[in-house]
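Structure assessment
Now for the letters of each chain:
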Amino acid sequence: VEEAIRFVQGRARLREASKNNPIAKLAESLSHTLIVARAGAGKTSFMQAIIAHSCTYFPDCAWKIITPKNDNYFGWPAIKGQRVVTYLNTLNVATDTDWVGVLHGEVSKVYTVLIKRNKTDNEAILRGEKPQQWPPVFLFIDEYSTLYPQIKKLPKIKDIEEVDGKRKVVTRDDKRGEQIISSLEWIAHLGQSLGVYLIICGQSSNCKEIGFSAPSCRYFNYVALGKGSTHDGMLIGYDCITSSWLSLIHISEPTRPY
């Protein structure tokens, strides 16, 4: 009981301290989030700050970070024993699609959590019980606006098949891209009710450019991000615009908010 009281008191102190901190508020909101900014504006640093706040607010949370930029999380320790960062080697995208398999595998793991939680809750409802209060799971994909066009148009796969006792080379479509896109759509639609949250980071807020349908936009918070600096170039902080994705798209498209 004493430990529970201390936890509640600690959360209250955190809320009081973060009243004017947009990063802390975003971390505590438990929502899908789209973070948009030009290159070098601080998207990854902003995300690292959200991760730090989220792990403070929700000590039982789980994180999975997928990034094609191999230096942003160098030296990061595992969070609560989890290997949280997965790097994608996208340097030779024209000839090498191994990174697509890695992305597909990591997204599938989170999607599987979503499906299992949904099944458990549905079974509980059928028994007349309340659904569970699930601990948060966060899936962060960095530079998704760069990754999406590549997974959307994957080259065909060459295979060897045996037909009538003869081996021949056949080509087939690579379905992994479609499966990644579909899994992320389902996470967007069902995730908030099941404690699975998607954080997409990139340079585009256009739904079509990053593979989300218009209805999916309704489930996302939106952050347009930049950096402020003094006359001598010293960084003085983040300049953030936060709202729902849908309302800002109506205002800003096709002009970008940055």
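As a starting point, this report considers the structure included with it. (Residues numbered from 1 in each chain as written. Predicted model: local features only at pLDDT ≥ 70, side-chain atom pairs only at ≥ 80, totals over all residues. Heavy atoms only, no water.)

Brief notes about the overall build of the protein
- On a plain count of helices and strands, the protein comes out with eight helices and nine strands.
- Residues counted as buried form 40% of the 258 residues belonging to the protein.
- Contacts spanning at least 24 positions in sequence make up 67% of the contacts within the protein whose residues lie at least 6 apart.
- Within the structure as shown, the protein displays about 14500 Å² of accessible surface, and the carbon and sulfur contribution to it stands at 54%. (Helix = DSSP H or I, 4+ residues; strand = E, 2+ residues; numbered from the N terminus. Buried < 20%, exposed > 50% of the residue type's maximum accessible area, 1.4 Å probe, protein only. Contact = heavy atoms within 4.5 Å. Areas by Shrake-Rupley, 256 points an atom, 1.4 Å probe, with all protein chains shown as cover.)

Describing the packing of aromatic side chains
- By the definition in use, this model includes six aromatic pairs.
- Seen from their ring centres, Tyr57 and Phe58 are 6.2 Å apart, and the 50° between their planes marks the pair as tilted.
- With relative accessibility at 1%, the residue Tyr57 sits in the buried group. (Phe/Tyr/Trp six-rings, centres within 6.5 Å; stacked < 30°, edge-to-face > 60°.)

Here we look at helix H6 (residues 176–194)
- Largest kink in H6: about 45°, centred on Ala188.
- Within the span of H6, buried status applies to Gly177, Ile180, Ile181, Ser183, Leu184, Glu185, Ile187, Ala188, Gly191 and Leu194.
- Phi turns positive, to about 75°, at Gly195, one or two residues after H6. (Bend = angle between axes of the 7 residues up to and from the residue.)

A look at the environment of Glu129
- Here Glu129 shows up in the loop between helix H4 (98–126) and strand S4 (137–141).
- At 3.1 Å, the side chain of Glu129 and the side chain of Arg127 are in polar contact. (Polar contact = N/O pair within 3.5 Å; in protein donor to acceptor, adjacent residues only side chain to side chain.)

Side note on the side chain of Ser54
- One can find Ser54 in helix H3 (residues 43–57).
- In this structure Ser54 comes out as buried when scored by relative accessible area, which is 1%.
- Here Ser54 is in contact with Ala27, Cys61, Trp63 and Phe138, once residues within four sequence places are set aside.

Comments concerning the packing of H4 against H6
- Interaxial distance between H4 and H6 falls to 9 Å at its minimum, and their mutual angle equals 35°. When you trace H4 past H6, the crossing you get is left-handed. Contact residues: Val100, Gly101, Leu103, His104, Val107, Val110, Tyr111, Leu114, Arg117, Asn118 and Asp121 in H4; Arg176, Gln179, Ile180, Ser183, Leu184, Trp186, Ile187, Leu190, Gly191 and Leu194 in H6.
- Here the contact of H4 with H6 is composed, by residue class, of twelve nonpolar, six polar and three charged. (Axes fitted to C-alpha atoms, helices over the stretch in contact; angles between N-to-C directions. Left-handed = near helix turned anticlockwise from the far one by under 90°. Nonpolar A, V, L, I, M, F, W, Y, C, P; charged D, E, K, R; others polar.)

Structural notes on the pairing of strand S6 (residues 166–172)
- Here strand S5 (residues 157–163) pairs with S6 via seven bridges, running antiparallel. Residue pairing for S6: Lys158 is matched across the bridge by Thr171.
- Hairpin connection of S5 to S6: two residues between the antiparallel strands, including Asp164 at a positive phi of 55°. (Pairing = 2+ DSSP bridges.)

Observations regarding the nonpolar core
- Among the nonpolar cores identified, the biggest contains 32 residues, and Leu139, Ile141, Tyr144, Leu184 and Phe212 are the most heavily contacted of them.
- Put simply, the parts of the chain that give this core at least two residues each are strand S1 (32–36), H4, S4, helix H5 (144–152), H6, strand S7 (196–202) and strand S8 (220–229).
- Dropping the residues within four chain positions of it, Leu184 is found in contact with Val107, Leu139, Ile141, Tyr144, Leu198 and Phe212. (Core = buried A, V, L, I, M, F, W, Y, C linked by side-chain atoms within 4.5 Å.)

Focus: the pairing of strand S2 (residues 62–67)
- S2 sits mainly inside the fold: five of its six residues count as buried.
- The sheet contact formed by S2 and strand S3 (residues 85–87) spans three bridges and is parallel. Counterpart to Thr67 in the pairing with S3 is Tyr87.

Here's the deal with the pattern of salt bridges
- All told, the structure shown has five salt bridges when counted by the stated rule.
- Residue Glu106 is joined to Lys109 by a salt bridge in which the shortest nitrogen-to-oxygen separation is 3.2 Å. One end of the pair, Glu106, and the other, Lys109, are both in helix H4, three residues apart, so they sit about a helical turn from each other. (Salt bridge = Lys/Arg side-chain N within 4 Å of Asp/Glu carboxyl O.)

Some remarks on the packing of H5 against H6
- Where H5 contacts H6, the two axes come as close as 9 Å, and the packing angle between them is 135°. Taken together, the axes of H5 and H6 are oblique relative to one another. Residues Tyr144, Tyr148 and Ile151 of H5 touch H6, and the partners they reach there are Gly177, Ile180, Ile181 and Leu184.
- Residue composition of the contact of H5 with H6, grouped by class: six nonpolar, one polar and no charged. (Parallel < 35°, antiparallel > 145°, perpendicular 65-115°, else oblique.)

Everything listed is a geometric property; what it means functionally is a separate question.
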